[in-house]
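Chain by chain, the residues:
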Amino acid sequence: MSVSFDFSETETQQSVRAMVRDFAEKNIRPYIMEWDEAQHFPVELFKQFGELGLMGVLVPEEYGGSGLGYQEYVDIIVEVARVCGSVGLSLAAHNSLCTGHILTFANEVQKKKWLPKLATAEWIGAWGLTEANTGSDALRMMTTAVEDGDDYIINGSKNWITHGKSGDIAVVMVRTGEQGSSKGISAIVVERGTPGFTAGKKENKLGMRASETTEMIFDNCRVPKANLLGNVGEGFKQAMKVLDGGRISIAALALGIAKGAFDAAVAYSKQRQQFGQPISNYQAISFKLADMATEIEAAELLIRQAADLKNRHLPMTKEAAMAKYFASEVSVKVATDAVQIFGGYGYTKDFPVEKFYRDSKLCTIGEGTSEIQKIVIAREILQG
């Protein structure tokens, strides 16, 4: 199948990008190291995002969202992440995982109940797939949901959950059938305050420290059957489709981090004097910047391609995996090179690149490691 692409910018994209960039400079940049050091998840900031329509970017206006497409969504994540990867990660997780799952698979009653609260940031969303012993091997999850009259009784725990403590609502993948079966998993929405639903350990992370990551624990947690998304046994299939969109999110997150690190490296290379001239005059530095710029451009083209396919409701599993794999690896490389250009100063917290360096690595792990992306890409190629 031959597919044409048009990546020309719209006026909406330009205005959204300018608005988000201005907001990030004024309301995020002054606090990034304070939040990072304290591992503080700035809930108040996300309430502001809600007022700007950034918590329901892809949600139709009828449910209180902004009704924008994936190109605008990419711009939003990039502009936030080029200032702070942590905030970008939380914004992406809320939009693409929890909200995205409900938007795609909920019935009309469920959408009207939950989407307006998520789109306005009245509620912050979480999404639970990963468990302690089942990272990439999700089919062997241990968390179960057993029918009891008009309810499900959920028992188990989820790990590495963004907003696992502060989230007001979570879409949780649970085992309702045989372990190891793709039809043995279902997706159920659990609201905060439900008895038996608590937060566990908060992870002390290398990077992305202002994005809250905790356990979610379920101890005889009783949830109405009305909270089931779709049909019993469809949870794994739903989760894989949600992750396709999520990979575009993480790719955009990685791209933003790379752009932030690159911008800092370019500015520093022009200011830093050695042997009577800016270090940008030396080939060792200028060639490094050329490589960084080229790889960033290539990553963005892959992301724009995946976003365009997603907007048009065309198959994009391979393209999203390629974008996520390439952009995340580029992010790590660009951040590493930025630290090198800064030299010893790049290793200190007085300059921004050490944070980009720490934040970038998660992009190669979260929502499917680089190795998993290669498996997905190879499978799509060989089945084609």
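This structure is a prediction, so every number in the text was calculated from the model and none was measured. (Residues numbered from 1 in each chain as written. Predicted model: local features only at pLDDT ≥ 70, side-chain atom pairs only at ≥ 80, totals over all residues. Heavy atoms only, no water.)

A. Structural view of the UniProt feature "domain: Acyl-CoA oxidase/dehydrogenase middle" (unreviewed entry) in the protein. Under the feature "domain: Acyl-CoA oxidase/dehydrogenase middle" (unreviewed entry), the UniProt entry names residues 127–221. End C-alpha to end C-alpha, residues 127–221 measures 16 Å, and it is 0% helix and 51% strand. (UniProt positions renumbered as here; feature names shortened; annotations may be inferred. Helix = DSSP H or I, 4+ residues; strand = E, 2+ residues; numbered from the N terminus.)

B. Up close: the packing of helix 4 (residues 70–81) against helix 5 (residues 85–105). Packing of helix 4 against helix 5 leaves a shortest axis separation of 7 Å and a crossing angle of 155°. In terms of their interaxial angle, helix 4 and helix 5 are classed as roughly antiparallel. Judged by residue contacts, Y73, I76, I77, V80 and A81 of helix 4 engage G85, V87, G88, L91, A92, N95 and S96 from helix 5. Tallied by class, residues from the contact of helix 4 with helix 5 come to eight nonpolar, four polar and no charged. (Axes fitted to C-alpha atoms, helices over the stretch in contact; angles between N-to-C directions. Parallel < 35°, antiparallel > 145°, perpendicular 65-115°, else oblique. Contact = heavy atoms within 4.5 Å. Nonpolar A, V, L, I, M, F, W, Y, C, P; charged D, E, K, R; others polar.)

C. The arrangement of the pattern of salt bridges in detail. Counted under the stated rule, the structure contains 27 salt bridges. As a salt-bridge pair, E9 and R17 come within 2.5 Å of each other at their nearest N and O atoms. Relative accessible area serves as the criterion here: at 41%, E9 is assigned to the partly exposed category. Classification of R17 as buried rests on a relative accessible area of 16%. For the salt bridge of E203 with K201, the shortest nitrogen-to-oxygen distance reads 3.7 Å. Since its relative accessible area comes to 52%, K201 is described here as exposed. Overlapping salt bridges, with partners in common, bring together E9, R17, D75, K259, E300 and R304 in one network. (Salt bridge = Lys/Arg side-chain N within 4 Å of Asp/Glu carboxyl O. Buried < 20%, exposed > 50% of the residue type's maximum accessible area, 1.4 Å probe, protein only.)

D. Region of interest: the packing of aromatic side chains. Evaluated as defined, the whole model comprises ten aromatic pairs. Each ring, one from F46 and one from F49, has its centre 5.3 Å from the other, and the planes form 80°; the classification is edge-to-face. Separated by three residues within a single helix, F46 and F49 lie in helix 3 (residues 43–51), roughly one turn from each other. Each member of the pair, F46 together with F49, is buried. Taken together, the ring pairs in this structure connect F23, F41, F46 and F49 into an aromatic cluster. Positioned over the ring face of F197 is R192, at 4.3 Å from the centre of the ring. (Phe/Tyr/Trp six-rings, centres within 6.5 Å; stacked < 30°, edge-to-face > 60°. Lys NZ or Arg CZ within 6 Å of the ring centre and 35° of its normal.)

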